Amino acid sequence: MVELNKIKKSVAWAALKYILPGTIVGVGTGSTVSYFIEALSTIKHLINGVVSSSLYSTNILKKYGIPIYDLNQVNYLPTYIDGADEINADMHMIKGGGAALTQEKIISSVSETFVCIIDESKKVEILGAFPLPIEVIPMACSYVSNELIKLGGIPKYRKNVITDNGNIIIDIHNFKIRDPVAMENRINALAGVVTVGLFTSRTADVVLVGTKFGIDTIKNNH
């Protein structure tokens, strides 16, 4: 565990070179991103501020005294830094382990460059070993769950979690996602689904992979 935290920290600090001085930075959510916020605090005087994807990240950013902007106040977001729960060779991701998937998807869609920071355990051939999170409007819980069963997954309501938007999370277990693009579209089309944690239309532009031997950089040539 100490080794893994060290790797997460090193990959988080490596993301600093993608930050442009005098700009506003998009900040994701998660354990690796928490290390990135710590790194960002060392150059906070060089940036104008950040847009945060979650209350969790906002609280850490405030602790470091980094100015926070509402996305609606921002005209241009050159860089978004976030992690992933799983990523495949096509740069398709599962995100949402921290329940901030909707805001993460919005901010990544607005940003020019999405830099994904992960440790190598997040790289997979087929997405789905990590339970796929879906943000759902509460009244649609049972309808959406039944539809997900038809797709072959085992939906589980994530207990004691309310998203920053006031919704619930359903995680799909036992789900091999062989066509992530089609699956993202299919689940997003269900009435009551706010967002599914599949990121296929907005993939990462750069993936920084922390390993015990150093950082691998993978560029997306999309």
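These remarks concern the structure in this document. Worth saying up front: this structure is predicted, and the values here are computed from it rather than measured.

1. Examining the overall build of the protein
A tally of helices and strands in the protein yields 6 helices and 14 strands. Here the C-alpha radius of gyration of the protein, 17 Å, is about what a compact globule of 222 residues would show, namely 17 Å. Considering only C-alpha atoms, the protein reaches an extent of 50 × 40 × 35 Å along its principal axes. Taken across its 222 residues, the protein has 55% of its residues classed as buried.

2. Structural notes on the nonpolar core
Inside soluble globular proteins, nonpolar side chains tend to come together where they are buried. With 24 residues, the main nonpolar core has Val27, Phe36, Leu40 and Ile117 as its most contacted residues. Take this core: its biggest share by element is 5 residues, from helix 2 (residues 31-40). With residues near it in sequence (within four places) discarded, Ile117 still touches Val11, Ala12, Ala15, Thr32, Val33, Phe36, Ile81, Asp82, Gly83, Ala84 and Leu208.

3. Quick look at the pairing of strand 13 (residues 206-211)
Of all 6 residues in strand 13, 6 are buried; the element is thus mostly enclosed. Neither face of strand 13 is left uncovered, since the one carrying Val206, Leu208 and Gly210 and the one carrying Val207, Val209 and Thr211 both have all their residues buried. Here 6 bridges tie strand 13 to strand 14 (residues 214-219), and the two strands are oriented antiparallel to one another. In the sheet register, Val207 faces strand 14, and the bridge partner there is Ile218. Hairpin geometry of strand 13 and strand 14 is characterised by an intervening segment of 2 residues between the two adjacent antiparallel strands.

4. Some words on the pairing of strand 2 (residues 49-52)
Along strand 2, one buried face is formed by Gly49 and Val51 and the opposite face, lined by Val50 and Ser52, is buried too. The pairing of strand 1 (residues 24-27) with strand 2 spans 4 bridges and is classified as parallel. Bridging across to strand 2, Ile24 finds its partner in Gly49. In terms of handedness, the path from strand 1 via helix 2 over to strand 2 forms a crossover that is right-handed. Pairing geometry for strand 2 and strand 3 (residues 68-69), over 2 bridges, is parallel. For Val51, the partnering residue across the bridge sits in strand 3 and is Tyr69. Regarding the hand of the β-α-β motif, the stretch spanning strand 2, helix 3 (residues 55-63) and strand 3 is right-handed.

5. Side note on helix 6 (residues 180-188)
Along helix 6, the residues that are buried comprise Pro180, Met183, Glu184 and Ile187. With its buried residues spanning 100 degrees around the axis, helix 6 presents them on a single face. Check the buried side of helix 6 and you find it contacts helix 4 (101-110), strand 8 (132-136), helix 5 (141-150), strand 10 (168-173), strand 11 (193-196) and strand 12 (198-199).

6. A word on the sheet that holds strand 6 (residues 93-94)
One open sheet holds the 3 strands; their spatial order is 5-6-12, and the pairing between them is antiparallel. Edge strands, defined here as strands with exactly one partner in the open sheet, are strand 5 (86-87) and strand 12. When strand 6 meets strand 12, the two strands line up antiparallel, connected through 2 bridges. Each residue of the ladder has a partner; that of Met93, found in strand 12, is Phe199.

Conventions we followed
Residues numbered from 1 in each chain as written. Predicted model: local features only at pLDDT ≥ 70, side-chain atom pairs only at ≥ 80, totals over all residues. Heavy atoms only, no water. Helix = DSSP H or I, 4+ residues; strand = E, 2+ residues; numbered from the N terminus. Rg over C-alpha atoms; globule rule 2.2 N^0.38 Å. Buried < 20%, exposed > 50% of the residue type's maximum accessible area, 1.4 Å probe, protein only. Core = buried A, V, L, I, M, F, W, Y, C linked by side-chain atoms within 4.5 Å. Contact = heavy atoms within 4.5 Å. Pairing = 2+ DSSP bridges. Right-handed = clockwise from strand over helix to strand, strands pointing away. Arc of directions from axis to C-beta.

The analysis is restricted to geometry; functional conclusions fall outside its scope.
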